[in-house]
Amino acid sequence: MIDFEGKTPKVLVIGDLMIDHYLWGTCERISPEAPVQVINVGKESMVLGGAGNVVNNLNALGADVDVISVIGCCEISNELKELLTKIKVSTGLLVTQNDRITSKKSRIIASQQQVVRYDRESTNEISNLSQESIVTSFKKIVSNYDVVLLSDYGKGVLTFHLTKSLIEIANKNNKKVLVDPKGLDYSKYKGAFLLTPNKKEASEATNININDDKSLRKAISTLKTDCDLEVSLITLSENGVAIYDDRLRIHPTFAREVYEVTGAGDTILASLGFALACNSEIDDAVEFANLAAGIVVGKIGSAIATLNEIIEYESSLKKSTSDEHIKSLAEITILSKELKERGKKIVFTNGCFDILHSGHVRYLEIAKSYGDVLVLGLNSDRSVASIKGSHRPINIQLDRAYILAALEAVDYVVVFDEDTPYNLINAVKPHLLVKGSDYEGVKVVGEDLVEELKLVKLEEGKSTSKTIEKIKKS
């Protein structure tokens, strides 16, 4: 996994903003008025769509993101601004054009299936005045960003003239431009760093039917030459992503199950842009984007993938190293909040775990069974010495943490230096606190911070102290 810890790239997104509107319900009968389903709507939700979904994905990854677009003077525009403000993205670069209607796609979902969609929007090209306003703003701010992403949904913002101008200005300032293209004429994207068409789009743009490796190579190299790209890329759905610079290679997909592909292209564009803005090599960036896309296609509707989700997902796909599960206080604070937002039940326990034995392992397995995620607070070397005496610990904290993080039952290990884990528990805010049965009748540190305390019966004859005694006698 690429290490993005502490990195906050500045990314600018330009394109067609829209709202994805969802009406969620159930269907139990057919209408007597016409042969159509009657949907009993239970809830309603709105999320950023189009270029807004790219913004949302970048925000979830931890980027510092701004957006340029043209919106209408309508209620939908106000709703869109509220959605951007909610994720703390500035609306200061949005251009208002009075004769436009901001795009809003409304979908009715019943039993996890999309039944119908209806749209309200303007699709004609934005005015020359709006284009000039965007170019003027872009010239002033382009140097502030690590990468520029163009999200073209064919709704009229990225006109031929505007797109050519943006790419030309970005290139003069040595800024990579990544484009999610639309339509048949890709000449307006000439000079971009890369494009992200899918196989169908690439086939139509090149007039090459992509049905085998030979036709894929021809199409992807044609795109690179005709559009003067640094890297040519074609997404291949379940077959992964093909890239071509001086040679062709295909990175396999990481999706386990696909519920909906809505927004997958947005996630590819956002995650590629994020990784490249962090100075990743193109193959590493594509692998990262594949992981992100593998997550969002497993969700209903336009979705996002956070950095922690991607790390967790990669770990589940292939054996991760133990140190990826060792977190700092700051990291576990953010991660715990995110896990709870995803509906995960967090279990917390703590201890010295100096010389690991089967009693420890069994205890941790039981603790994990009470929830979805087990966070283990590990006493530091100083903390252990304070509790057990100067002759302890036997194993240093790094070794203890690494071994514990390798256990299947343990999701995350956090070393704490205080004599008690109170501050750590307060940061994690777990649903459940687990301790050994030797705490029966004793006030447990942190029990006031959790919903429930569980005491686990310890295995008789199993303890670090007894192990040390046995070693001394041998």
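This report concerns the structure included in the present document. For clarity, every value in this text was computed on a predicted model and none was experimentally measured.

1. As for the overall build of the protein
- Per the secondary structure count, the protein includes 15 helices and 18 strands.
- Oriented by its inertia axes, the alpha-carbon framework of the protein measures out at about 85 × 60 × 45 Å.
- Buried residues in the protein amount to 52% of all 474 residues.
- Surface summary for the protein: the accessible area is close to 22,600 Å², and the carbon and sulfur share equals 48%.
- Here the protein contributes 57 positively and 66 negatively charged side chains, and the mean placements of these two sets differ by 2 Å.

2. Focus: the pairing of strand β13 (residues 248-251)
- Pairing analysis gives 4 bridges linking strand β12 (residues 241-244) to β13, with the strands arranged antiparallel. When the bridges of β13 are listed, Y244 appears paired with L248.
- A loop of 3 residues connects β12 with β13, the two strands running antiparallel in sequence.

3. Description of the packing of aromatic side chains
- For the coordinates displayed, the defined rule picks out 3 aromatic pairs.
- For the pair Y22 and W24, a centre-to-centre distance of 5.5 Å together with 25° between the ring planes defines the contact as stacked. Accessibility classification places Y22 together with W24 in one group, the buried group.
- Judged by centre distance (6.2 Å) and plane angle (25°), the rings of F274 and F288 are stacked. Taken together, the residues span a long stretch of sequence, with F274 in helix α7 (residues 264-277) and F288 in helix α8 (residues 282-296) at a distance of 14 residues. Note on accessibility: F274 and F288 belong to one class, buried.

4. So, helix α3 (residues 128-141)
- Between the first and last C-alpha of α3 there are 20 Å, a value that for 14 residues agrees with the 20 Å anticipated at 1.5 Å per step.
- Those residues of α3 lying buried are S130, Q131, I134, V135, F138 and I141. Down the axis of α3, the sector holding all buried residues measures 140°, keeping them to one side. More than 90 degrees from the buried face of α3, the exposed residues found are N128, L129, K139 and K140.
- In this structure, the buried residues of α3 make contact with β1 (10-15), β4 (64-71), β5 (94-96), β8 (147-151) and α4 (160-172).

5. Some words on the sheet that holds β4
- Across the sheet, 6 strands lie side by side as β5-β4-β1-β8-β9-β10; this open sheet has parallel pairing. Every interior strand has two partners, whereas the edge strands, β5 and β10 (194-195), have only one.
- With 5 bridges joining them, β1 and β8 adopt parallel strand pairing. Within β8, the residue paired with L12 across the bridge is V148.
- Where helix α1 (residues 51-61) meets the sheet, it contacts β1, β4 and β8, and its direction lies at approximately 165° from that of β1.

About the cut-offs
- Residues numbered from 1 in each chain as written.
- Predicted model: local features only at pLDDT ≥ 70, side-chain atom pairs only at ≥ 80, totals over all residues.
- Heavy atoms only, no water.
- Helix = DSSP H or I, 4+ residues; strand = E, 2+ residues; numbered from the N terminus.
- Buried < 20%, exposed > 50% of the residue type's maximum accessible area, 1.4 Å probe, protein only.
- Areas by Shrake-Rupley, 256 points an atom, 1.4 Å probe, with all protein chains shown as cover.
- Lys, Arg positive; Asp, Glu negative; His and termini not counted.
- Charge placed at Lys NZ, Arg CZ, Asp CG, Glu CD.
- Pairing = 2+ DSSP bridges.
- Phe/Tyr/Trp six-rings, centres within 6.5 Å; stacked < 30°, edge-to-face > 60°.
- Expected span 1.5 Å × (residues − 1).
- Arc of directions from axis to C-beta.
- Contact = heavy atoms within 4.5 Å.
- Axes fitted to C-alpha atoms, helices over the stretch in contact; angles between N-to-C directions.

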